[in-house]
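Coordinates in review
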Amino acid sequence: MPGVSLTINDKKVRVPAGTTILEAARELNITIPTLCHDKRLSPFGACRLCVVEVRGRKNLPAACVTPVEEGMTVLTESPAVVEARRTIIELLLANHPLDCLTCEKSGNCRLQDYAYRYGVKRTPFEGTRDQLPLDDNNPFIIRDPNKCILCGKCVRACQEIRGQAVLGFAFRGPATRVVPPLDVSLGESDCVFCQNCVAVCPTGALRDKYLAGKGRWWEFQPEAVTCPFCANGCHFYLLRKEGKVVAVAAGGAAPGRPMCLRGRLALTLIFCEEPPQPQIKTEKGFAAVSWTEALGLEELAGKLWPK
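Residues numbered from 1 in each chain as written. Predicted model: local features only at pLDDT ≥ 70, side-chain atom pairs only at ≥ 80, totals over all residues. Heavy atoms only, no water.

**Thoughts on the sheet that holds strand 2 (residues 11–16)**
Basically, it comes down to this: Whether two strands pair depends on DSSP finding at least two bridges between them. Working definition: helices are DSSP H or I runs of at least four residues, strands are E runs of at least two. Numbering for both runs from the N terminus.
Reading across the sheet, the 4 strands line up as 2-1-4-3 and stay open at both edges, with mixed pairing between neighbours. The strands lining the two open edges of the sheet, one partner per strand, are strand 2 and strand 3 (53–54).

**Let's talk about the sheet that holds strand 10 (residues 235–241)**
What counts is decided by this rule: Axes here mean lines fitted to C-alpha atoms, for a helix over just the part in contact, with angles spanning 0 to 180 degrees between N-to-C directions.
With respect to topology, 3 strands assemble into an open sheet ordered 9-10-11, the strand pairing being antiparallel. Of all the strands in the sheet, just strand 9 (221–226) and strand 11 (244–252) have a single pairing partner and so form its edges. Put simply, the sheet's adjacent strands are angled 30° from each other on average, direction ignored. As judged from the 7 bridges shared by strand 10 and strand 11, these two strands associate in the antiparallel manner. Across the sheet, residue K241 finds its bridge partner in strand 11, namely K244.

**Focus: the packing of aromatic side chains**
Selection rule: Two rings from Phe, Tyr or Trp (for Trp, the six-membered ring) form a pair when their centres are within 6.5 Å of each other. A pair whose planes differ by under 30 degrees is stacked, one over 60 is edge-to-face, and the rest are tilted. The classification of residues rests on relative accessible area computed with a 1.4 Å probe and restricted to protein chains. Under 20% of the type maximum is buried, over 50% is exposed, and intermediate values are partly exposed.
Taken as a whole and judged by the stated rule, the model has 5 aromatic pairs. A centroid spacing of 6.4 Å and a plane angle of 75° characterise the contact between F140 and F286, whose relative ring orientation is edge-to-face. Here F140 is found in the loop between helix 3 (110–117) and strand 5 (141–143), whereas its partner F286 is found in strand 13 (residues 285–288), with 146 residues between them in sequence. The partly exposed category is assigned to F286, whose relative accessible area is 24%. Three or more aromatic residues link up through ring pairs in this structure, and these residues are F140, F193 and F286.

**Concerning unusual backbone geometry**
Peptide bonds are mostly trans, and most non-glycine residues show a negative phi. If you check the backbone angles, R48 has positive phi at about 65° while not being a glycine. Position of R48 relative to the elements: it lies in the loop between helix 1 (21–27) and strand 3. If you check the backbone angles, L182 has positive phi at about 65° while not being a glycine. Inspection of the secondary structure puts L182 in the loop between strand 7 (177–179) and helix 5 (196–200).

**Digging into the environment of R122**
Inspection of the secondary structure assignment puts R122 in the loop between helix 3 and strand 5. Put simply, R122 and A94 are 28 residues apart on the chain and 8.7 Å apart in space, counted from C-alpha to C-alpha.

**Section: helix 2 (residues 79–94)**
Quick note on the threshold: One less than the number of residues in a helix, times 1.5 Å, gives the span that helix is expected to have. Residue contacts are counted whenever heavy atoms from the two residues lie within 4.5 Å of one another.
Here helix 2 spans 22 Å end to end across 16 residues, near enough to the 22 Å set by a 1.5 Å rise per residue. In this fold, the buried residues of helix 2 make contact with strand 3, strand 4 (72–75) and helix 3.

**Structural notes on the pattern of salt bridges**
It is possible for side chains of opposite charge to pair when their charged atoms get near one another. Here is the rule we go by: Salt bridges are defined as contacts in which a side-chain nitrogen from Lys or Arg sits within 4 Å of a carboxyl oxygen from Asp or Glu.
Summed over the entire model, instances satisfying the criterion amount to 10 salt bridges. Across the pair E77 and R85 runs a salt bridge whose closest N-O atoms are separated by 2.9 Å. Between E299 and K303 there is a salt bridge, with the nearest N and O atoms lying 3.9 Å from each other. Within this pair, E299 and its partner K303 are both found in helix 8 (residues 298–304), separated by 4 residues, close to a single helical turn. Looking at K303, the relative accessible area reads 64%, which means it is exposed. One salt-bridge network, in which partners are shared between bridges, spans E77, R85 and R117.

**Description of the pairing of strand 4**
Across 3 bridges, the pairing between strand 1 (residues 3–8) and strand 4 is parallel. The residue bridging T7 from the neighbouring strand is T73, located in strand 4. In the sheet, strand 3 pairs with strand 4 via 2 bridges, with the strands oriented antiparallel. Looking at the pairing, V54 lines up with V74 of strand 4.

**Concerning helix 3**
Put simply, the rule is: Arc definition: it is the arc formed by the directions from the helix axis to the C-beta atoms.
Buried within helix 3 are the following residues: L111, Y114 and A115. Down the axis of helix 3, the smallest arc covering the buried residues is 105°, so these residues share one side. Residues of helix 3 that are buried sit in contact with helix 2. Taken from the residues just after helix 3, G119 is the one with a positive phi, measuring 65°.

**Re the side chain of D144**
Filter applied, for reference: The charge count treats Lys and Arg as positive and Asp and Glu as negative. His and the chain ends do not count.
Tracing the sequence through the fold places D144 in the loop between strand 5 and helix 4 (153–162). Within the buried core, D144 has no salt-bridge partner, and the shortest N-O distance to an opposite charge, that of K147, equals 4.1 Å. Contact partners of D144, with chain neighbours within four places excluded, come to L134, G204, A205 and R207.

**A closer look at a nonpolar patch on the surface**
The following threshold applies: What goes into a patch is any residue over 30% in relative accessible area without a salt bridge, connected to like charges within 9 Å or, for nonpolar side chains (Val, Leu, Ile, Met, Phe, Trp, Tyr), within 5 Å. Computed with a 1.4 Å probe, the accessible areas rest on the Shrake-Rupley method; for each residue, only the protein chains presented here act as cover.
There is a patch of nonpolar side chains on the surface, built from L297, L300, L304 and W305 and spanning about 450 Å² of accessible area. Inspection of the secondary structure puts L297 in the loop between helix 7 (291–294) and helix 8. By relative accessible area, L297 is classed as partly exposed at 34%.

Shown next, in the form of structure tokens:
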């Protein structure tokens, strides 16, 4: 494959043709902030936070969707770039609750990280800050539409990793929201609660319900583990607090497949000292069941331990 030579922040690099500016910058260990980008998902270019300055161009292209060109000179932190990123963050905060003091995602929130990085303490813009109801009528995921920044990562993760397509964009303009079909709750939808969407959400819009009230991110000592229950090996985190594993959080799906609820539940049973009662979805709603039923091990358990 032919290569392309370019310069990023005065550093020369040669990468395969078709590489994006973002990917080329990462080859040089140059960090460009992103909110909507995930290398496992299709390019989206929605948040525009990854804009860079390309010498000779009038606009600031998004690095995640702009392919490199021979002889290109890129600046990732020029004054124009920094000003644009600050404005983008201010616009996002204009419609975002400023409740970092009590938000469960504080300390593990990309929006918070970038506001800190670019010194954005407040926004000069007057947003809507809707008071939309929480979607928490299921035992696994809390969906807070007020904290959604419409990056679309959850939509693409649900469609492209899981193949479920439960989440999608609805309504138009300032009223645009990410919702299940017909704007029903997750519990009423076809969601299987794999938490692929939770794993990619950069803010507190989608959260693991079991983690609610168990602590802030900096209080946990996360330990990366690989799920051993099938050959694919999805990634999870054991969250320790005061020496105890208090929860198992979704990390990332193995290439070519989604994470599954069964794997996370099994890890929760094995590692958590106080695992919650498992629940499954029935025609009448969610019902508490035994661990053997939740993990689909009833037949195996019956043969191993016949009554």
